[in-house]
4 protein chains.
Amino acid sequence: MPNTFGKLFTVTTWGESHGFGVGVVVDGCPPRLPLEVAEIQAELDRRRPGQSEIVTPRKEEDRIGILSGLFEGRTTGTPISMLVRNADQRPGAYDEMREKFRPSHADYTYQAKFGVRDHRGGGRSSARETIGRVAAGAIARKVLNVGGQARHGTPVEIRAFLTQVHDIAVPPEALAAFPALAEVEATPVRCPHPETAARMIERIKAVRAEGDSVGGVIECRVRGIPAGLGEPVFDRLEADLAKAMLSLPATKGFELGSGFAGARLRGSEHNDRFEASGGRVRTATNRSGGIQGGISNGEEIVFRVAFKPTATILRPQQTVDIHGAAAELVGRGRHDPCVVPRAVPIVEAMAALVLVDHWLRQAAQNETFKF
Amino acid sequence: MPNTFGKLFTVTTWGESHGFGVGVVVDGCPPRLPLEVAEIQAELDRRRPGQSEIVTPRKEEDRIGILSGLFEGRTTGTPISMLVRNADQRPGAYDEMREKFRPSHADYTYQAKFGVRDHRGGGRSSARETIGRVAAGAIARKVLNVGGQARHGTPVEIRAFLTQVHDIAVPPEALAAFPALAEVEATPVRCPHPETAARMIERIKAVRAEGDSVGGVIECRVRGIPAGLGEPVFDRLEADLAKAMLSLPATKGFELGSGFAGARLRGSEHNDRFEASGGRVRTATNRSGGIQGGISNGEEIVFRVAFKPTATILRPQQTVDIHGAAAELVGRGRHDPCVVPRAVPIVEAMAALVLVDHWLRQAAQNETFKF
Amino acid sequence: MPNTFGKLFTVTTWGESHGFGVGVVVDGCPPRLPLEVAEIQAELDRRRPGQSEIVTPRKEEDRIGILSGLFEGRTTGTPISMLVRNADQRPGAYDEMREKFRPSHADYTYQAKFGVRDHRGGGRSSARETIGRVAAGAIARKVLNVGGQARHGTPVEIRAFLTQVHDIAVPPEALAAFPALAEVEATPVRCPHPETAARMIERIKAVRAEGDSVGGVIECRVRGIPAGLGEPVFDRLEADLAKAMLSLPATKGFELGSGFAGARLRGSEHNDRFEASGGRVRTATNRSGGIQGGISNGEEIVFRVAFKPTATILRPQQTVDIHGAAAELVGRGRHDPCVVPRAVPIVEAMAALVLVDHWLRQAAQNETFKF
Amino acid sequence: MPNTFGKLFTVTTWGESHGFGVGVVVDGCPPRLPLEVAEIQAELDRRRPGQSEIVTPRKEEDRIGILSGLFEGRTTGTPISMLVRNADQRPGAYDEMREKFRPSHADYTYQAKFGVRDHRGGGRSSARETIGRVAAGAIARKVLNVGGQARHGTPVEIRAFLTQVHDIAVPPEALAAFPALAEVEATPVRCPHPETAARMIERIKAVRAEGDSVGGVIECRVRGIPAGLGEPVFDRLEADLAKAMLSLPATKGFELGSGFAGARLRGSEHNDRFEASGGRVRTATNRSGGIQGGISNGEEIVFRVAFKPTATILRPQQTVDIHGAAAELVGRGRHDPCVVPRAVPIVEAMAALVLVDHWLRQAAQNETFKF
């Protein structure tokens, strides 16, 4: 099931950029959860293009509908099907793609794999596919928030934000505290450090003026996750988070806690000392990023995801066409000089999907029967 | 199935550090593959401790036996069960672990998850669990080599090696060519750049003398993989590689192609230009790391994995015991000051498992029926 | 994934009787298959109510739309999402169900499981859920027909039909030949034996006049399946067929080949003698039903499915309400005195789904690499 | 994973009749369950051949060992690997099988599927494969018993027994009460009705004297299962039970509750009236067999499984060899004239595996979070 994610809380997305629409089926959602379409729409609005001067001016209304699985305002435990119709399509704008492979896009590999492809707007490889993920993630998030609150007295909070655009990065010391949502959403780049955010915006504008693009890095933190989530071996919590993040378009890397920098430390510097605190086992530091041996330890989960610069640029590029002949891509139309800010709600959605799935798995094996 | 990996070529590992042994069941292997136990033993010998002066002096013979799935020297298509008996156990050496949580180990999280744990040598969280992965990977590798050769005239080659230990890294320009196996195996640190290897060895010796440990980075390259492997959305090839790598003990990060450094480039610098070459579509550069849109493009697959320093160090550490009281861990016995060189065959094994699984998936959907 | 069926050719259904509609997502379909919506509609029309005097007069147009996965008349290898809007809803007609559990329906068990249920028309437990199965099965069927033809020169033919309604059964000797589709579709009971069909129709009319219902038995035969499909142990071909059939509403039994009657034979009577015929290994008889050791042997696959009488009857029935109090169900509205004829295309659809999935699995393991 | 069964409580079997041994890996077992090897051995002893005069005189000791997943007498939540060594092998006795396909055995289909097969004793298709199922089922059973007792005050009891051998069947009225284990085990045919049991034994002896074999029917009842287990659509409880049973060697049919006979009833006769009893919703009759809409309703689960006569008989049979030439099988050696009595613990084991898996799934979705 290449288009399905999760073992117990499962998500199946479908749809292309320029077909009827894009959608998602969520299966295995706990029943009786109060849910309104507006809650899902709110998350979708965060990923929508056309929100600010630094993103693509494409207008995508992206109004979501819930087609099943809800009855009188509550989930029923049966599949929740959701749909967003496509709109603002300019099929003619993509005629060039029919014949020419765009560099560092999925055009060539889809053709090589399937022998056929819907070239319009990238078809299935379009970032519109992530609409379904965000909608499903909004439900997962509510399960975690409401369910976590009921079980532990604290909701689960998932907060992603930009720490880097091109070579402009937030100073590490500025990231000590868990950022408030308002701080993240204060600027269109979703960086909670105002000075860095301002520089990022400048850089994106400059790059866009040159018809070019830039990448960046997103950090995601989660608090309120109890110890015990994740499996010892293949389905380690960080393994499933890594898979979730690398399944997003344009991602090139993932790191947990100390990450690649951790390779430069000694064991005596890297180890997180345990200490008892308020009846709980805590760690004095968090280089582990909240996960040890594949299992959450109750500390903040902290990971980062690297995004490459958008492949679509407004410059002529050399390439090959489907007949194997050399060709030039002109590169016109609308484009996003930096997709990373819009990826913030998508990273959060995927994190929520991983966490709710592992929570259900953990409860199944370790809470159903008491021995 | 938390202890199972793969969809069509599946691997289930079992066993603990100090029980009867560790093992693996491989299901879905193509039939009629010529296979000898010596081929599997050869890969296991590469991960075995006690091989050189820079690793733990623990003696683990690790003789593997094939218990099923083989008949007259060929695989039968039924499950291949393999087993390594445990030996050289010093249970008394682990009495301290019964009560005290070792910092940055899995002791506490296993206890939090399961409410019980086999503390001896880390139990299931021991790196001995990877024996099963390496044994299964040896079979996957042979399928790729022999099968790839038969299909395309070129075998699949998977080559991992160290690019960094602590802060000592191979100069990037030294990594242009695909390293030969002999170059990698020439030194106990498995770094194909001799000068860097020498410095790495010095550093590991120095750190070990201080009872400390260091981490490092492994790069893995694969050539001979045809275009078309990997799925468009959740099961992207890089997503499954990331999951495979982050499922290994002590890993903290994964990056494909340009990786985190790619976030610092512009689109015009990052895009891999297509060009026709010898009847094939090739890319002039390979910042994509051989994968575009989640699907292999026929170029070299290139990824890197970050390993933290070994958590076990020979120094006293503050911690908490299972009763929640403060405790001191003395830290004695045998330890590996740097596990990264021994992780090289494990990284290769996991890469082989991902690739053979996706090859079978790709063939099922796209080659079974011709329309 | 309780609402997903299949490992490689996967089908996820969603929707309730009285919500927005019902739908299905097909994932893993081979690409480049020519496909028109009319081919799917044709199968749906066969399961639609209101087709003859012996079935429910409910009018369900059931017009299907294909929302994704098709491009210029061919499948693309990405998810195929299909949707049928609900219509002809009379919500008021179901007010009684909100409070009272209908005997031998799913009302009580859904409530016990989920603590909530959409009572309108049975919600998710409605037979409308099978619309998605039939739509997906139509695609599976075409893959088998066109693909099988291309590979073996013979299409795969799947033919289900009624052999029994209430206590009226086709004489066994009348079933020697593989029935033609026209013979099956000649009568509204879909029984290819005209005399028996006439008696079945009389019985159904009589029972309906009394406000009662009857069950029956469907036989399904498949020809054109090569030897080798099915897995040796848990995923035996008959095991997956049995699961597929028992997953249909109102089914109570499944038997392959000789079935329950086979238990009354001796081994010397039951064994199917092998004989060489036209370069192939054939069996002289087919008590095995086309499957031996869980794997197809190239003979006709033959199985039967038992359906209980429809639970909805137009008679007062004693029951219990959601408060645990005794209650009477009046039983009014439209109902189907015998659903079995309409189940014929559903049985065929599920058979097609099982067979195409196993064909892909078989090809993946045993044809991808040649050793 | 053709050799794996279950979604959360998963079982992977491996091994052949004449290789090193047969084994099983159980993954997902709840931790802290007290478990002794003797409990598993006791179930294995029930399926062992050589127990009475009516079964094969083959001596199989079948001593099981637990290789992992147990620590100080309790499960740890990690994989439980178990192994039985093969013994009493007479490889020479199977030389005939290397070349000739035994009628109604798996010899031909394995060859057709894999292009290779271990012919000795049937290899992987041997009934010895079920040893792993029985061992895993013994654990599942204990989880249900101890866990069910702790949750509901009543253990789960699973009782299978013979209702038919050849054409000798227990009178239906004799089966009203839930049979005690002692009644079942009182005779080697495991039929709790003494007069019928005596006749069955006579028949088996007579058939064996003629070198022939007979089949039979097993009924299985389960009490103590709460309402709510099973999924609405594809993973209906009866669907998974049907799959489990049809995955056993020599099975030809499955029916739940009223089964095939139910097709001969009217709805007014078949419907199970609800009534309130002791604060619970009960049904006055149980034609549903304890499952409605795919979900357990708290009544006794009742199903039956048909077994064909053993294919191995001591008579000459015509067949075909691997070169496609006509051949005669002499048929000698040891054989079981009726395997059905020995299948009783295997049916129970598979039922336990299905039920524990669905219990964990049910708890995960519907008990983890309370809304």
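Because the structure is a prediction, the values reported are computed rather than measured. (Residues numbered from 1 in each chain as written. Chains lettered and ligands numbered in written order. Predicted model: local features only at pLDDT ≥ 70, side-chain atom pairs only at ≥ 80, totals over all residues.)

What about the overall build of chain A?
Part 1 of the reasoning: Helix and strand counts for chain A come out as 10 helices and 18 strands.
Part 2 of the reasoning: Evaluated residue by residue, chain A yields a buried proportion of 67% over its 371 residues. (Helix = DSSP H or I, 4+ residues; strand = E, 2+ residues; numbered from the N terminus. Buried ≥ 20, exposed ≤ 12 C-beta atoms within 10 Å, placed from the backbone.)

Here's the deal with the sheet that holds strand 3 (residues 21-27) of chain B
Residues and elements named next belong to chain B.
Part 1 of the reasoning: Strand order in the open sheet made by the 5 strands is 1-2-3-7-4, with antiparallel pairing throughout. The strands lining the two open edges of the sheet, one partner per strand, are strand 1 (4-5) and strand 4 (64-66).
Part 2 of the reasoning: As judged from the 2 bridges shared by strand 1 and strand 2 (residues 10-15), these two strands associate in the antiparallel manner. By the bridge assignment, phenylalanine 5 is partnered in strand 2 with valine 11. (Pairing = 2+ DSSP bridges.)

Side note on the interface of chain D and chain A
Part 1 of the reasoning: Tallying the contact residues gives 25 residues for chain D and 25 residues for chain A.
Part 2 of the reasoning: Listed by contribution, the elements that provide at least two residues to the side of chain D that touches chain A are helix 4 (130-152) and helix 10 (340-367) of chain D. (Contact = placed C-beta atoms within 7 Å.)

Some details on the relation of the copies chain D and chain A
Part 1 of the reasoning: When chain D is brought onto chain A, the operation consists of a screw motion whose angular component is 180 degrees and whose axial shift is 0.0 Å, with 0.0 Å RMSD remaining. Here the two chains are linked by the operation of a two-fold rotation axis. Relative to the rotation axis, the closest C-alpha in chain D is found at alanine 364 of chain D, a distance of 2.3 Å.
Part 2 of the reasoning: By residue overlap, the copies meet face to face through one surface: 100% of the interface positions of chain D are interface positions in chain A. (Least-squares fit on C-alpha atoms with pLDDT ≥ 70 in both.)

Focus: helix 4 (residues 130-152) of chain A
All names here are of chain A.
Part 1 of the reasoning: Relative to the 33 Å expected for 23 residues at 1.5 Å per residue, helix 4 spans 31 Å between its end C-alpha atoms, a close match to the ideal helical length.
Part 2 of the reasoning: Of all 23 residues in helix 4, 17 are buried, a share of seventy percent or more.
Part 3 of the reasoning: Immediately beyond the C-terminal end of helix 4, within one or two residues, lies glycine 153, with a positive phi of roughly 80 degrees. (Expected span 1.5 Å × (residues − 1).)

A look at the nonpolar core
Part 1 of the reasoning: With 417 residues, the main nonpolar core has Leu353 of chain A, Ile218 and Leu353 of chain B, Ile218 and Leu353 of chain C together with Leu353 of chain D as its most contacted residues.
Part 2 of the reasoning: Other than its neighbours up to four places away in sequence, leucine 353 of chain C contacts Phe5, Gly6, Phe9, Val11, Ala136, Gly137, Ala140 and Ala244 of chain C. (Core = buried A, V, L, I, M, F, W, Y, C linked by C-beta atoms within 7 Å.)

A closer look at the confidence of the model for chain A
Part 1 of the reasoning: Here chain A shows a mean pLDDT of 94. Residues at 70 or above account for 96%.
Part 2 of the reasoning: Interface scoring of the predicted complex returns ipTM 0.97; its pTM is 0.97. (pLDDT = per-residue confidence, 0-100.)

Quick look at the packing of helix 7 (residues 237-246) of chain B against helix 10 (residues 340-367) of chain B
All names here are of chain B.
Part 1 of the reasoning: Two numbers describe how helix 7 lies on helix 10: the axes approach to 9 Å, and their chain directions differ by 145 degrees. Relative to helix 10, the crossing made by helix 7 is right-handed. Residue-level inspection shows Leu237, Asp240, Leu241, Ala244 and Met245 of helix 7 in contact with helix 10, the latter providing Val347, Met350, Ala351, Leu353, Val354 and His358.
Part 2 of the reasoning: Classifying every residue of the contact of helix 7 with helix 10 by side-chain character gives 9 nonpolar, 1 polar and 1 charged. (Axes fitted to C-alpha atoms, helices over the stretch in contact; angles between N-to-C directions. Left-handed = near helix turned anticlockwise from the far one by under 90°. Nonpolar A, V, L, I, M, F, W, Y, C, P; charged D, E, K, R; others polar.)

Here's the deal with the relation of the copies chain C and chain D
Part 1 of the reasoning: Of the transformation placing chain C onto chain D, the axial shift is 0.0 Å and the rotation is 180 degrees, giving an RMSD of 0.0 Å.
Part 2 of the reasoning: Taken as a fraction of all interface residues of chain C, those also at the interface in chain D reach 99%, which identifies the copy contact as same-surface.

With respect to the pairing of strand 13 (residues 280-283) of chain A
Residue and element names in this part refer to chain A.
Part 1 of the reasoning: Where burial is concerned, the two faces of strand 13 differ: the one with Val281 and Thr283 is buried and the one with Arg280 and Arg282 is not.
Part 2 of the reasoning: Examined bridge by bridge, strand 12 (residues 274-277) and strand 13 share 4 bridges and lie antiparallel to one another. Within the sheet, the bridge partner assigned to glutamate 275 lies in strand 13 and is arginine 282.
Part 3 of the reasoning: The turn linking strand 12 back onto strand 13 is made up of 2 residues, and glycine 278 within it adopts a positive phi angle of 60 degrees.

Quick word on unusual backbone geometry
Residue and element names in this part refer to chain D.
Part 1 of the reasoning: For arginine 32, which is not glycine, the phi dihedral falls at a positive 75 degrees.
Part 2 of the reasoning: When you line up the elements, arginine 32 lands in the loop between strand 3 (21-27) and helix 1 (37-47).
Part 3 of the reasoning: Overall, the presence of 16 C-beta atoms within 10 Å leaves arginine 32 in the partly exposed class.
Part 4 of the reasoning: Phi angles above zero are rare outside glycine, and arginine 190 is one such case at about 55 degrees.
Part 5 of the reasoning: Note that arginine 190 resides in the loop between helix 5 (181-185) and helix 6 (194-209).

Brief notes about the packing of helix 1 of chain D against helix 4 of chain D
Residue and element names in this part refer to chain D.
Part 1 of the reasoning: With their axes 9 Å apart at the nearest point, helix 1 and helix 4 run at an angle of 135 degrees to one another. Taken together, helix 1 and helix 4 sit at an angle that is classed as oblique. The way helix 1 lies across helix 4 gives a crossing that is right-handed. For the pair helix 1 and helix 4, contact is made by Glu39, Ile40, Glu43, Leu44 and Arg47 and by Thr130, Ile131, Val134, Ala135, Gly137, Ala138, Ile139 and Lys142, respectively.
Part 2 of the reasoning: A breakdown of the residues in the contact of helix 1 with helix 4 according to their chemical character gives 7 nonpolar, 2 polar and 4 charged. (Parallel < 35°, antiparallel > 145°, perpendicular 65-115°, else oblique.)

Some details on the sheet that holds strand 11 (residues 251-256) of chain B
Part 1 of the reasoning: Strand order in the open sheet formed by 10 strands is 9(A)-8(A)-10(A)-16(A)-11(A)-11(B)-16(B)-10(B)-8(B)-9(B), with antiparallel pairing between adjacent strands. Taken across any chain shown, the strands that pair with only one partner, and hence form the sheet edges, are strand 9 (168-169) of chain A together with strand 9 (168-169) of chain B.
Part 2 of the reasoning: As paired elements, strand 10 (residues 216-223) of chain B and strand 16 (residues 301-307) of chain B share 7 bridges and run antiparallel to each other. Bridge assignment links arginine 221 of chain B to a residue of strand 16 of chain B, and that residue is valine 302 of chain B.
Part 3 of the reasoning: Along the sheet face, helix 7 of chain B touches strand 11 (251-256) of chain A together with strand 11 and strand 16 of chain B and points at about 160 degrees away from the line of strand 11 of chain B.

Some points on the interface of chain C and chain D
Part 1 of the reasoning: With 91 residues of chain C at the interface, the matching set in chain D holds 90 residues.
Part 2 of the reasoning: Within the side of chain C that touches chain D, the residues separate by chemical class into 36 nonpolar, 35 polar and 20 charged.

Quick word on the pairing of strand 2 (residues 10-15) of chain C
When a strand is regular, its side chains alternate between the sheet's two faces.
Residue and element names in this part refer to chain C.
Part 1 of the reasoning: Strand 2 sits mainly inside the fold: 6 of its 6 residues count as buried.
Part 2 of the reasoning: Across the two faces of strand 2 the burial is the same, with Thr10, Thr12 and Trp14 and Val11, Thr13 and Gly15 all buried.
Part 3 of the reasoning: Where strand 2 hands over to strand 3 (residues 21-27), the hairpin turn is made up of 5 residues, counted between the paired strands.

Quick look at the environment of isoleucine 54 of chain D
Residue and element names in this part refer to chain D.
Part 1 of the reasoning: When you line up the elements, isoleucine 54 lands in the loop between helix 1 and strand 4 (64-66).
Part 2 of the reasoning: On the basis of neighbour counts, which here come to 22 C-beta atoms within 10 Å, the residue isoleucine 54 falls in the buried class.
Part 3 of the reasoning: Sequence separation of isoleucine 54 and proline 155 is 101 residues, and the distance between their C-alpha atoms is 33 Å.

Considerations on the environment of serine 296 of chain D
Residue and element names in this part refer to chain D.
Part 1 of the reasoning: The topology assignment puts serine 296 in strand 15 (residues 295-296).
Part 2 of the reasoning: Classification of serine 296 as buried rests on a count of 27 C-beta atoms within 10 Å.
Part 3 of the reasoning: For serine 296 and proline 226, which are 70 residues apart along the polypeptide, the C-alpha to C-alpha distance reads 7.0 Å.
Part 4 of the reasoning: With residues up to four places along the chain from it excluded, the contact list for serine 296 reads Ile225, Ala227, Gly228, Leu229, Gly230, Leu237, Gly290, Ile291 and Ile301.

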